Amino acid sequence: MSIDIETARRVAKLARIAVPEAELPELANEFSAILGFIEQLNEVDVDGIEPMTSVTPQRLKRRDDVVNDGGQQDAVLKNAPDAREGFFAVPKVVE
Amino acid sequence: MSDLSKLKISEARDALKKGEVTSVELTQACLTEIEKADALGAFVHKTPELALEMAKAADANKSGGDLNGIPLGIKDLFCTKGVASQAASGILEGFKPEYESTVTTQLFADGAVMLGKLNMDEFAMGSSNETSVYGNAVNPWKREADDAQLTPGGSSGGSASAVAADLCLGATGTDTGGSIRQPAAFVGITGIKPTYGRVSRWGVVAFASSLDQAGPMTKDVRDAAIMLKVMSGHDPKDSTSAGLAVPDFEAALTGDIRGKTIGIPKEYRMDGMPEEISKLWEDGTAMLKDAGAVIKDITLPHTKYALPAYYVIAPAEASSNLARYDGVRFGRRAKLEAGDGITEMYEKTRAEGFGNEVKRRVMIGTYVLSAGFYDAYYNRARKVRALIKRDFENVFADGVDAILTPATPSSAFELGAMKDADPVQMYLNDVFTVTTNLAGLPGIAVPAGLDKNGLPLGLQLIGRPWEEGDLLNTAYALEQSVQFVAKPNRWW
């Protein structure tokens with residue numbers, strides 16, 4: 001499978017990673033090499049096989065639906081690049 | 001006692017218990033070694049004051065566990081409260097967690113001392129420790145014939161380098177596709193990845209959640225058993241951690257493997273495998289046979305598809321896990337231009353903060369999960385994963401107790417050697433280790449010899465799920481036969 005520049009641009013956009021236009025051809029080439037490697041999977045007969053959801057046969061545990069933590073606003077905001085008045089601050093989202 | 005940093009955990013534990021040494025002395029010895037070893041690039045955040053404080057507390061503590069007073073290095077992937085935890089990424093620059101990972105909580109509760117944080121590949125994505133924002137970690141070993149700097153392997157390259165160079169008594173590692181076992185093999189130490197669910201992932205920066213497991217990297221098998229016991233156990237904060245009792249792994253080390261069946265999988269005999277690796281594998285097989293094990297040829301037919309399946313599943317999970325690095329809640333935010341909105345903030349932050357390998361994997365993951373490709377790539381890879389696991393279940397059902405394979409396809413290579421290779425070439429480093437992550441099985445790398453250049457080579461044993469004690473014992477028997485005592489010549 002060969003990945004074209006348009007696809008590379010779209011994937012970068014979906015992943016929210018800015019990629020300069022000049023770097024898209026090389027990126028497309030790298031994707032093509034990796035996906036070429038992955039395509040070996042098409043040789044495998046997977047008829048009737050369920051996709052694995054959990055590597056160990058266990059049900060995910062459930063816990064009681066109760067508040068068990070909280071009241072840690074300062075700790076939560078401590079590492080934010082921009083926190084003001086008890087909130088995370090971001091550029092304007094709505095016009 | 002001289003050369004305190006060279007002690008094994010078991011030796012230091014016994015000396016501490018007898019009062020022959022204090023934790024402060026041990027810790028100071030390690031800190032002195034660390035100060036002299038910047039050329040190895042192993043310790044990237046040093047915490048000497050904290051270490052001495054913890055050592056003093058350990059010396060005063062009469063009720064600590066096996067690790068009471070033992071100085072350890074902690075991989076940068078573990079969140080440590082108030083101490084930089086960056087996963088070797090620029091995007092987590094300045095991040096100091098407000099909480100402690102479960103693994104480090106348990107280690108410290110037992111009395112262990114943290115010397116600092118260890119280098120690694122960015123977000124644990126790499127096999128050579130060359131994708132780190134801190135720069136390379138360097139292998140303490142060099143080839144006899146030249147002076148080239150070699151990789152300690154990856155992603156736990158700093159842990160491997162630090163333990164092999166006696167900067168600490170043991171270290172934590174994490175393993176998503178071989179990141180404990182490959183570096184352990186490259187530097188001549190022991191590293192075990194336990195069964196998926198044995199060790200809590202809480203507070204370990206996530207790469208691929210269905211594959212990630214933490215484990216110890218140590219100077220011998222006994223030390224791995226001691227450290228693994230303290231790291232293991234059920235944690236309500238990790239819903240995939242198993243509610244199983246943790247056995248005394250050290251007590252399992254009898255060295256008696258008479259009657260055990262060791263499988264030798266023919267699919268691991270790769271085309272073009274170096275003669276030295278084949279020989280190492282044959283010698284290891286003979287040693288286990290001499291120790292009384294029954295050797296059985298086995299087949300794991302889907303082995304060839306493990307790496308391609310891994311390179312769908314791991315990037316897919318990484319693309320989801322790494323979505324959290326958005327410049328809002330922690331770490332770094334890119335400088336914005338006037339008029340930039342929130343999308344530009346995400347895109348610029350992630351472009352600046354992630355290195356190339358991480359970006360590549362996040363984008364591959366995004367692609368294989370995107371509409372129209374999800375079935376063809378992601379679901380197919382999960383089906384192949386089920387088949388890989390079934391291969392192992394079949395051989396275990398046939399009475400195999402453990403499987404012996406090489407740990408790596410080569411010895412440590414030169415830093416920079418893979419610079420111009422396509423990414424897939426680097427991925428091939430994990431060809432022998434990645435299957436156990438996909439199948440959730442425990443695997444251990446044990447040093448088994450030196451190659452013609454005088455570099456360490458390792459063998460891998462793969463065990464039944466939850467049978468780490470039995471696996472460690474088989475590794476112990478192998479270790480007893482190999483008698484690997486070589487050490488790197490100090491150049492740093």
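Residues numbered from 1 in each chain as written. Chains lettered and ligands numbered in written order. Predicted model: local features only at pLDDT ≥ 70, side-chain atom pairs only at ≥ 80, totals over all residues.

Q: Just checking my understanding: could you explain the overall build of chain B for this structure?
A: Tallying secondary structure elements over chain B gives 15 helices and 11 strands in all. The globule rule puts the C-alpha radius of gyration for 492 residues at 23 Å, and the 21 Å found for chain B is close to it. Seen through its principal axes, chain B has C-alpha atoms that stretch 70 × 55 × 50 Å. Across chain B, contacts joining residues at least 24 apart in sequence account for 78% of those joining residues at least 6 apart. (Helix = DSSP H or I, 4+ residues; strand = E, 2+ residues; numbered from the N terminus. Rg over C-alpha atoms; globule rule 2.2 N^0.38 Å. Contact = placed C-beta atoms within 7 Å.)

Q: How should the environment of A291(B) be read in this particular structure?
A: All names here are of chain B. On the secondary structure map, A291 appears in the loop between α8 (275-290) and β8 (294-298). A291 sits in the partly exposed class, given 18 other C-beta atoms within 10 Å. Between the C-alpha atoms of A291 and G259, which are 32 residues apart in sequence, the distance is 9.3 Å. Leaving out residues up to four positions away in the same chain, A291 has contacts with I257, A477 and S481. (Buried ≥ 20, exposed ≤ 12 C-beta atoms within 10 Å, placed from the backbone.)

Q: Can you help me understand the packing of helix α9 (residues 306-321) of chain B against helix α12 (residues 374-397) of chain B in this one?
A: Working note: a packed helix pair is described by the angle between its axes plus the distance between those axes. Residue and element names in this part refer to chain B. Where α9 meets α12, the closest approach of the two axes is 9 Å, and the angle between their N-to-C directions is 125°. Here α9 lies oblique to α12, going by the angle between them. For the pair α9 and α12, the sense of crossing is left-handed. Residues A306, A309, V312, I313 and A316 of α9 touch α12, and the partners they reach there are Y377, Y378, A381, R382, V384, R385 and I388. Residue classes in the contact of α9 with α12 are distributed as 10 nonpolar, no polar and two charged. (Axes fitted to C-alpha atoms, helices over the stretch in contact; angles between N-to-C directions. Parallel < 35°, antiparallel > 145°, perpendicular 65-115°, else oblique. Left-handed = near helix turned anticlockwise from the far one by under 90°. Nonpolar A, V, L, I, M, F, W, Y, C, P; charged D, E, K, R; others polar.)

Q: Could you clarify how one ought to interpret the domain arrangement of chain B in this entry?
A: It is common to give the size of an interface as the accessible area lost on bringing the parts into contact. Residues and elements named next belong to chain B. In terms of domain boundaries, chain B breaks down into domain 1 (4-256) and domain 2 (304-381). Computed from C-alpha atoms alone, the centre-to-centre distance between domain 1 and domain 2 is 28 Å. Every contact between the two is made by 21 residues of domain 1 and, on the other side, 18 residues of domain 2. Looking at the side of domain 1 that touches domain 2 residue by residue, the classes come out as 10 nonpolar, nine polar and two charged. (Domains from an automatic or database assignment.)

Q: I keep staring at the sheet that holds strand β11 (residues 456-463) of chain B and nothing clicks. Help me out?
A: What links the strands of a sheet is backbone hydrogen bonding, and the strands pair in either a parallel or an antiparallel sense. Residue and element names in this part refer to chain B. On the basis of which strands lie adjacent, the open sheet formed by 11 strands has the order β1-β3-β2-β4-β6-β5-β10-β11-β9-β7-β8 and mixed pairing. Of all strands in the sheet, those bounded by a partner on one side alone are β1 (43-46) and β8. The mean inter-strand angle of the sheet, taken between neighbouring strand axes irrespective of direction, is 30°. Relative to strand β3 (residues 113-118), β1 runs antiparallel, the two being bridged by three bridges. (Pairing = 2+ DSSP bridges.)

Q: Is there a simple way to think about the environment of T366(B) in this case?
A: Secondary-structure assignment places T366(B) in helix α11 (residues 356-369). Exposure remark for T366(B): the 24 C-beta atoms within 10 Å place this residue in the buried category. Each C-alpha atom of the pair T366(B) and S320(B) lies 8.1 Å from the other, and the pair is 46 residues apart in sequence. Setting aside anything within four residues of it in sequence, one finds T366(B) in contact with V11(A), L14(A), A15(A) and S319(B).

Q: Teacher, can you tell me more about α12(B) here?
A: An α-helix turns once every 3.6 residues. As a result, residues three or four positions apart point the same way. Residues and elements named next belong to chain B. The terminal C-alpha atoms of α12, which comprises 24 residues, lie 33 Å apart, in line with the 34 Å expected from a rise of 1.5 Å per residue. Its maximal kink placed at R380, α12 deviates by approximately 25°. Two residues or fewer after α12 comes G399, characterised by a positive phi angle close to 100°. (Expected span 1.5 Å × (residues − 1). Bend = angle between axes of the 7 residues up to and from the residue.)

Q: Would you mind going over the interface of chain A and chain B with me for this structure?
A: With 39 residues of chain A in contact, the opposing surface of chain B contributes 58 residues. Residue contributions to the side of chain A that touches chain B peak at six residues, all from helix α2 (residues 24-38) of chain A. Within the side of chain A that touches chain B, the residues separate by chemical class into 27 nonpolar, four polar and eight charged.

Q: Just checking my understanding: could you explain the nonpolar core for this structure?
A: Soluble globular proteins tend to pack their nonpolar side chains together in the buried interior. Membership of the largest hydrophobic core comes to 168 residues, with the highest contact counts inside it found for L72(B), V113(B), L115(B), A309(B), V312(B) and L472(B). Summarising the domain contributions, this core has at least three residues from each of domain 1 (4-256) and domain 2 (304-381) of chain B. Aside from chain neighbours lying at most four places away, what touches A309(B) is L41(A), A381(B), V384(B), R385(B), I388(B) and L438(B). (Core = buried A, V, L, I, M, F, W, Y, C linked by C-beta atoms within 7 Å.)

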